[in-house]
Amino acid sequence: MLTVVTVAAGIAVPTVGDRGALPSSPPVPGLPDVPFTVETPTTVAPHAFAMALVGLMESLMTAKLVDDITDTRSSKTRESIGQTMINVMVSGACTRLSTFLAGVLLTVLCIVFGPVVSGIPMAALVAVMVSFAAFDWHSIAPKARRRMPAGGITVMVVTVACVVATDNLAIGVVAGSVTATVIFAKRVAHLAEVTSVTDPGGGSVVYSVTGELFFASSNDLGTRFAYATDPERVVIDLSAAHIWAASSAAALDAVETKYAQRGKKVEIVGLNGPSARIPGRSAVS
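Residues numbered from 1 in each chain as written. Predicted model: local features only at pLDDT ≥ 70, side-chain atom pairs only at ≥ 80, totals over all residues. Heavy atoms only, no water.

We now examine the environment of K258. In this structure, K258 sits in helix α11 (residues 246-261). Relative accessible area serves as the criterion here: at 36%, K258 is assigned to the partly exposed category. Separated by 31 residues in the primary sequence, K258 and Y227 place their C-alpha atoms 7.0 Å from one another. (Helix = DSSP H or I, 4+ residues; strand = E, 2+ residues; numbered from the N terminus. Buried < 20%, exposed > 50% of the residue type's maximum accessible area, 1.4 Å probe, protein only.)

Here's what the structure looks like:
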């Protein structure tokens, strides 16, 4: 409808054809017509990486919404190479064949109806690709906003602000992803707890460590032990913990060293298989 209105009224608006000529024949395998020099990868790589990053993030972020709509569990790997959201919401797709048919239809439109497609306003194309139905409007409802953690709102604001300021979606996605990672690490860092139980006879003490141990949570790990007042035998139970990074293993080594300097023996127990494979922890049972 928008195309008909703009053509009939003679309104000058940016169109698909303004972005470049559409193909006039089916695609065939071939090598790109670019010079194969050392400078070529450095020129192409930043743009290729930005396009791949935006496409991948968009696909993975909409996968959860598609799962809710179709009441199924999707394969994130398959979602990364398809157009599930548009196919499900706009076209009513139900099977994997939809992605193949979408590509065939796009090829036919470009080759057979190229002149017509070239006249489509870019605004109309945006309305199709980012349709009203494909957006999860519930996610920005006031009620949903009140329940959303402050970190989620911060990520959304940072992403939008970066996109608007730089006019580059890739930069916004990267900034939002980094912000989300920092907020997540800060939140998870406080989930690691250390509790101690001293033997009634006073001959040993057992420290129980629970939670995820990585670079953020391991920073304060060494301060949770009473090196000077603990008995000569110290047991560190990691049955309810998981070591994710070498920094956590190094923190445990530092704890052992501090106890050893005071002539006290440390025994680490309950280490699971993946944690034991972290460098520096292979010898711990």
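Residues L97, F100, L101, V104, L105, V108, L109, V112, F113 and V116 make up a contiguous nonpolar surface patch of about 910 Å² in total accessible area. It is helix α5 (residues 97-112) that contributes the most residues to the nonpolar patch, 8 residues altogether. By the element assignment, V112 lies in helix α5. Taking relative accessible area as the criterion, V112 reaches 53% and is therefore assigned exposed. (Patch = residues over 30% accessible without salt bridge, like charges linked within 9 Å, V, L, I, M, F, W, Y side chains within 5 Å. Areas by Shrake-Rupley, 256 points an atom, 1.4 Å probe, with all protein chains shown as cover. Salt bridge = Lys/Arg side-chain N within 4 Å of Asp/Glu carboxyl O.)

Before going further, it helps to spend a moment on the sheet that holds strand β3 (residues 233-243). On the basis of which strands lie adjacent, the open sheet formed by 4 strands has the order β1-β2-β3-β4 and mixed pairing. Two strands lie at the open edges of the sheet, namely β1 (193-198) and β4 (265-269), each paired on one side alone. Taking the axes of each pair of neighbouring strands and ignoring which way they run, one obtains an average angle of 20° across the sheet. As defined by bridge partners, strand β2 (residues 204-213) adjoins β3 across 9 bridges and the pair is classed as parallel. Counted as the bridge partner of S204 is R233 from β3. (Pairing = 2+ DSSP bridges. Axes fitted to C-alpha atoms, helices over the stretch in contact; angles between N-to-C directions.)

So, about the side chain of T6. Looking at where T6 falls in the secondary structure, it is placed in helix α1 (residues 2-9). Look at T6 and you get buried, because its relative accessible area is 9%.

Attention now goes to the nonpolar core. In this structure, F225, I236, L238 and Y259 are the most contacted members of the largest nonpolar core, which totals 22 residues. Those elements that place two or more of their residues in this core are β2, β3, α11 and β4. Sorting elements by how many residues they give to this core places β3 first, with 5 residues. Beyond its immediate sequence surroundings of up to four residues, I236 is in contact with Y207, V209, F225, V255, V266, E267, I268 and V269. (Core = buried A, V, L, I, M, F, W, Y, C linked by side-chain atoms within 4.5 Å. Contact = heavy atoms within 4.5 Å.)

So, on to the pattern of salt bridges. Under the defined criterion, the tally for this structure stands at 2 salt bridges. Note that R233 and E267 form a salt bridge whose closest N and O atoms lie 2.9 Å from each other. Placement of the pair is R233 in strand β3 and E267 in strand β4, with a sequence separation of 34 residues.

Moving on: unusual backbone geometry. Backbone geometry places D167, a non-glycine residue, at a positive phi of 55°. Looking at the secondary structure, you find D167 in the loop between α9 (150-166) and α10 (169-189).

Only one face of β4 is covered, namely the one carrying V266 and I268; the face carrying K265, E267 and V269 has none of its residues buried. Strand direction decides the pairing type here: β3 and β4, joined by 5 bridges, are parallel. Directly across from I236, in β4, lies its bridge partner I268. For the crossover that starts at β3, traverses α11 and ends in the parallel β4, the hand is right-handed. (Right-handed = clockwise from strand over helix to strand, strands pointing away.)

Once that is clear, we can look at the packing of aromatic side chains. Taken as a whole, this structure holds 4 aromatic pairs when the rule is applied. Arranged with centres 6.2 Å apart and planes meeting at 40°, the rings of F225 and Y227 form a pair that is tilted. Overall, the relative accessible area of 7% leaves F225 in the buried class. Taken together, the ring pairs in this structure connect Y207, F225, Y227 and Y259 into an aromatic cluster. (Phe/Tyr/Trp six-rings, centres within 6.5 Å; stacked < 30°, edge-to-face > 60°.)

In this model, the protein chain carries a mean pLDDT of 78, and residues with pLDDT of at least 70 account for 80%. No element of the protein chain has a lower mean pLDDT than helix α4 (residues 84-89), which averages 59, and none a higher one than β4, which averages 90. (pLDDT = per-residue confidence, 0-100.)

In this fold, V269 is placed in strand β4. The class for V269 is partly exposed, based on a relative accessible area of 23%. Taking the C-alpha atoms as reference points, V269 and S239, 30 residues apart in sequence, are found 7.2 Å from one another.

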